[in-house]
Amino acid sequence: MKPLWALPLLYSASALSQERSLNLTQGVTEVSRDVYDLHMTVFYICCVIGVVVFGLMFYSMIRHRKSRGREPAKFHENVKVEILWTLIPFLILIGMAIPATSTLIAMEDTSDADVTIQVTGSQWKWHYKYFDREVEFFSRLATQQEQISNKFEKSENYLREVDNPLVVPTGEKVRFLVTSDDVIHSWWVPDFAVKKDANPGFINEAWTRIDEPGIYRGQCAELCGKDHGFMPIVVIAKTPEEYAKWIDETEAKQIAERERQQELLDMEMSMDELMAMGEKIYNSTCAACHQPNGQGIPGTFPALAGSPIASKPENLDKHVDIVVHGVQGSAMQAFAQQLTMQELAAVVTYERNAWGNDTGEMVQAADINAAINE
């Protein structure tokens, strides 16, 4: 138990912590610190204006009150006063606009980047693609569902942890090309002073140069659907040497995996193998929208159980095309880059043979490859 004399100190520390949490993040980049300094400069100017205006107002109210026998002056207009109350705010605004313009220009200058990364938002994950390197991956929420449903104790980074964080080098200029493949998202990392909307059909640019290695977290800042709150961002900044090692190793692994997938095209899986893998993929990837029982959500996500697409033999090719390429203008995403060809084959097979669909049809990796390369 803390002694009584320590309570004021604890209260002050708590109040200071809460006060800081209400202010902007100072960040770990030069631009983020410039933004913070600009914010505080404008804030102090506003404070001074408030003190002067309210001070003069209360002084006039007290000094010239009626009980003291003051008589109000009678005049229609005063050109000097009108000039002053127009000129002074104008000069103040110009004084604030100069550093603001300089900071905004710096924030938008994406030229001469050392690393370029395409950031694509989709419901509800991020896709990162490194230009000039054969590296790309999806980044999804890694918090356990049991924590979300209050079955397990919540971790330190609850709802702010991902399976594949974005990795960038320190001391180098990193350019982000931000877009979306469905609805509007917003890629926001407060420590970088980067918040850029991801609009479908458009590419917005942002950049950062991180001074120190570390782990930095953010989130989608645009309401993008029912799982908007489950779309975190994690960026790991490594030294240039560590980053070069990571990018080389990751590229080699992804190239090897793509080659392995091509080698597996001639291998055929049994129905049992396809159904077991397909059920696992469906429950982790598709069940959130179409529900574990395949009934979907009426009016929002269509049912797969008993649907013509998933239960009619003549619609097999269309079923494969929808899973591989998605449906333009709907929430149905393209899974060609998100799942391997074996996983795609398994999930289509599962959907065509679960919940009473029972078509007896099997889809193999070679069928998926043919659909992708059409």
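Read on for a plain summary of the structure. Please read these numbers as outputs of a predicted model, since none were measured by experiment.

## Let's talk about the state of the cysteines
Under the criterion given, the structure shown has 0 disulfides. Lacking any disulfide linkage, cysteine 47 is separated from the closest cysteine sulfur, that of cysteine 46, by 7.1 Å. Under the relative-accessibility criterion, cysteine 47 is labelled partly exposed at 33%.

## A look at the sheet that holds strand E9 (residues 214–220)
Here 5 strands make up an open sheet; going across it, the order is E4-E10-E9-E6-E7 and the pairing mixed. Either end of the sheet is taken by a strand with one partner, and the two such strands are strand E4 (166–169) and strand E7 (194–198). For this sheet, the mean inter-axis angle between neighbouring strands, taken without regard to orientation, is 25°. Where helix H5 (residues 240–263) meets the sheet, its contacts fall on E4 and strand E10 (232–238), and the angle it forms with E4 comes to roughly 135°.

## Some details on the pattern of salt bridges
Counting across every chain of the model gives 9 salt bridges. Put simply, lysine 196 and glutamate 108 hold a salt bridge, and the shortest N to O gap is 3.6 Å. Of this pair, lysine 196 sits in strand E7 while glutamate 108 sits in helix H3 (residues 79–108); the two residues are 88 residues apart in sequence, bridging distant segments of the chain. Judged by relative accessible area, lysine 196 falls into the buried class, the value being 16%. In this structure, glutamate 361 and arginine 352 form a salt bridge, with 2.7 Å as the shortest nitrogen-oxygen distance. For the residue pair glutamate 361 and arginine 352, the accessibility class agrees, reading buried in each case. Through salt bridges with shared partners, a single network forms among Arg133, Asp248 and Glu251.

## Some points on a negative patch on the surface
Taken together, the side chains of Asp266, Glu268, Asp317, Asp321, Asp367 and Glu374 make up a negatively charged region of the molecular surface. One can find aspartate 367 in helix H11 (residues 365–372).

## Describing the pairing of E7
Two faces belong to every sheet, and in a regular strand the side chains alternate between them. Alternating positions in E7 separate cleanly, Val194, Lys196 and Ala198 being buried on one face and Lys195 and Asp197 remaining unburied on the opposite face. Looking at chain direction, strand E6 (residues 185–189) and E7 are connected through 5 bridges and run antiparallel. Directly across from valine 189, in E7, lies its bridge partner valine 194. Counting the residues between successive antiparallel strands, the hairpin from E6 to E7 contains 4 residues, one of them, alanine 193, with a positive phi of roughly 55°.

## Description of H11
Among the residues making up H11, those that are buried are Ala365, Ile368, Asn369 and Ala371. Buried residues of H11, viewed axially, fall in a sector of 160°; they line one side. Looking at the buried side of H11, the elements it contacts are H5, helix H9 (316–325) and helix H10 (341–351).

## A closer look at the layout of surface pockets
One number sums up the size of the second largest pocket: a volume of about 460 Å³. Lining of the second largest pocket is provided by 23 residues; of these, Asp181, Asp182, Gln328, Gln333 and Ala334 occupy positions nearest its centre. Going through the elements one at a time, strand E1 (115–122) and strand E2 (125–130) are the ones with two or more residues in the lining of the second largest pocket. Of the residues contributing to the lining of the second largest pocket, the split by class is 8 nonpolar, 12 polar and 3 charged.

## Some points on the pairing of E1
Most of E1 is tucked away: 7 of the 8 residues are buried. Both E1 and E2 contribute to a ladder of 6 bridges, which runs antiparallel. Note that in E2 the partner of isoleucine 117 across the bridge is tyrosine 130. Where E1 folds back onto E2 in an antiparallel hairpin, the turn is made up of 2 residues.

## Here's the deal with the packing of H9 against H10
Direction vectors running N to C along H9 and H10 enclose 130°, while the axes themselves pass 10 Å from each other. With respect to H10, the element H9 is oriented oblique. The handedness of the crossing between H9 and H10 comes out as right-handed. Touching His319, Val320 and Val323 of H9 are Leu344, Val347, Val348 and Glu351, all from H10.

## Quick notes on the side chain of lysine 125
Along the polypeptide, lysine 125 turns up in strand E2. At a separation of 2.7 Å, a polar atom in the side chain of lysine 125 contacts the side chain of glutamine 333. A distance of 3.2 Å separates the side chain of lysine 125 from the side chain of glutamine 338, its partner in a polar contact. Dropping the residues within four chain positions of it, lysine 125 is found in contact with Thr120, Phe138, Ser139, Arg140, Met231, Gln333 and Gln338.

## Regarding the environment of aspartate 191
Among the structural elements, aspartate 191 can be located in the loop between E6 and E7. Considering only alpha carbons, one finds aspartate 191 and proline 292, 101 residues apart in sequence, at a separation of 39 Å.

## Section: the side chain of asparagine 315
If you trace the backbone, asparagine 315 turns up in the loop between helix H8 (308–311) and H9. Overall, asparagine 315 belongs to the buried group, its relative accessible area being 19%. At 3.0 Å, the side chain of asparagine 315 forms a polar contact with the backbone oxygen of proline 308. The contacts of asparagine 315, once residues within four sequence positions are left out, are Pro308, Ile309 and Arg352.

Conventions adopted
- Residues numbered from 1 in each chain as written.
- Predicted model: local features only at pLDDT ≥ 70, side-chain atom pairs only at ≥ 80, totals over all residues.
- Heavy atoms only, no water.
- Disulfide = S-S within 2.5 Å.
- Buried < 20%, exposed > 50% of the residue type's maximum accessible area, 1.4 Å probe, protein only.
- Pairing = 2+ DSSP bridges.
- Helix = DSSP H or I, 4+ residues; strand = E, 2+ residues; numbered from the N terminus.
- Axes fitted to C-alpha atoms, helices over the stretch in contact; angles between N-to-C directions.
- Contact = heavy atoms within 4.5 Å.
- Salt bridge = Lys/Arg side-chain N within 4 Å of Asp/Glu carboxyl O.
- Patch = residues over 30% accessible without salt bridge, like charges linked within 9 Å, V, L, I, M, F, W, Y side chains within 5 Å.
- Areas by Shrake-Rupley, 256 points an atom, 1.4 Å probe, with all protein chains shown as cover.
- Lys, Arg positive; Asp, Glu negative; His and termini not counted.
- Charge placed at Lys NZ, Arg CZ, Asp CG, Glu CD.
- Arc of directions from axis to C-beta.
- 1 Å grid on protein atoms, 1.4 Å probe; cavity = no way out; pocket = protein on both sides within 12 Å on 5 of 7 lines; lining within 4 Å.
- Points joined across faces, edges and corners; volume = space filled by probe spheres on them.
- Nonpolar A, V, L, I, M, F, W, Y, C, P; charged D, E, K, R; others polar.
- Parallel < 35°, antiparallel > 145°, perpendicular 65-115°, else oblique.
- Left-handed = near helix turned anticlockwise from the far one by under 90°.
- Polar contact = N/O pair within 3.5 Å; in protein donor to acceptor, adjacent residues only side chain to side chain.

Geometric descriptors of this kind do not, in isolation, establish any biological role.
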